[in-house]
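This is what each chain is made of:
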Amino acid sequence: MLWALSRRELPVSELAALLGAHVAATSQHLAKLRAAGLVVARREGTRIFYRAAEMRGLLTEAAVIANDLPARGADRGGDGGAAPAAATVEQPFARAARAVRAVRRRPVTDQPA
């Protein structure tokens, strides 16, 4: 969904057709992505067009936090051998997901008193 919206702006009906999904399900997913700040909506008459939001800032912050997180399994000790190929591939995604969750949980402190 985000990949399609990063290419061009689409209304819900066209996006649902592109994905092979129901319009209602697509609309619900878009509402969650919009609440997370990952998509931006624009109304034109009765249609709402969606596009992917600029995510460079979020990705940069997630990368910074991911670098501060301990590696998964680092506290287990072990022989220091190579990790299985699947774990090596999945690790960056898992660390980025934890970083994004950490950003979302971070309290807002820069609001005026």
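Look up: the structure comes first, before these words.
What comes next is a walk through the structure.

Criteria and thresholds
- Residues numbered from 1 in each chain as written.
- Predicted model: local features only at pLDDT ≥ 70, side-chain atom pairs only at ≥ 80, totals over all residues.
- Heavy atoms only, no water.
- Axes fitted to C-alpha atoms, helices over the stretch in contact; angles between N-to-C directions.
- Helix = DSSP H or I, 4+ residues; strand = E, 2+ residues; numbered from the N terminus.
- Parallel < 35°, antiparallel > 145°, perpendicular 65-115°, else oblique.
- Contact = heavy atoms within 4.5 Å.
- Salt bridge = Lys/Arg side-chain N within 4 Å of Asp/Glu carboxyl O.

### Notes on the packing of helix H2 (residues 12-19) against helix H3 (residues 23-35)
Consideration 1: It is the contact of H2 with H3, at a shortest axis distance of 9 Å, that shows an interaxial angle of 110°. Accordingly, the angle class assigned to the pair H2 and H3 is roughly perpendicular. Side by side, H2 and H3 meet where Val-12, Ser-13, Leu-15 and Ala-16 of the first sit next to Val-23, Thr-26, Ser-27 and Leu-30 of the second.

### With respect to the pattern of salt bridges
Consideration 1: Enumeration according to the criterion identifies 3 salt bridges in this entry.
Consideration 2: The salt bridge partner of Glu-9 is Arg-42, with a shortest N-O separation of 2.5 Å. Here Glu-9, found in the loop between helix H1 (2-7) and strand S1 (10-11), pairs with Arg-42, found in strand S2 (residues 39-44); they are 33 residues apart in sequence, far enough to count as distant.
Consideration 3: Two residues, Glu-14 and Arg-47, come together in a salt bridge whose shortest N-O distance is 3.6 Å. One end of the pair, Glu-14, is in helix H2; the other, Arg-47, is in strand S3 (residues 47-52), with 33 residues separating them in the sequence.
Consideration 4: Through salt bridges with shared partners, a single network forms among Glu-9, Arg-42 and Glu-44.

The values reported here are purely geometric and, on their own, carry no functional implication.
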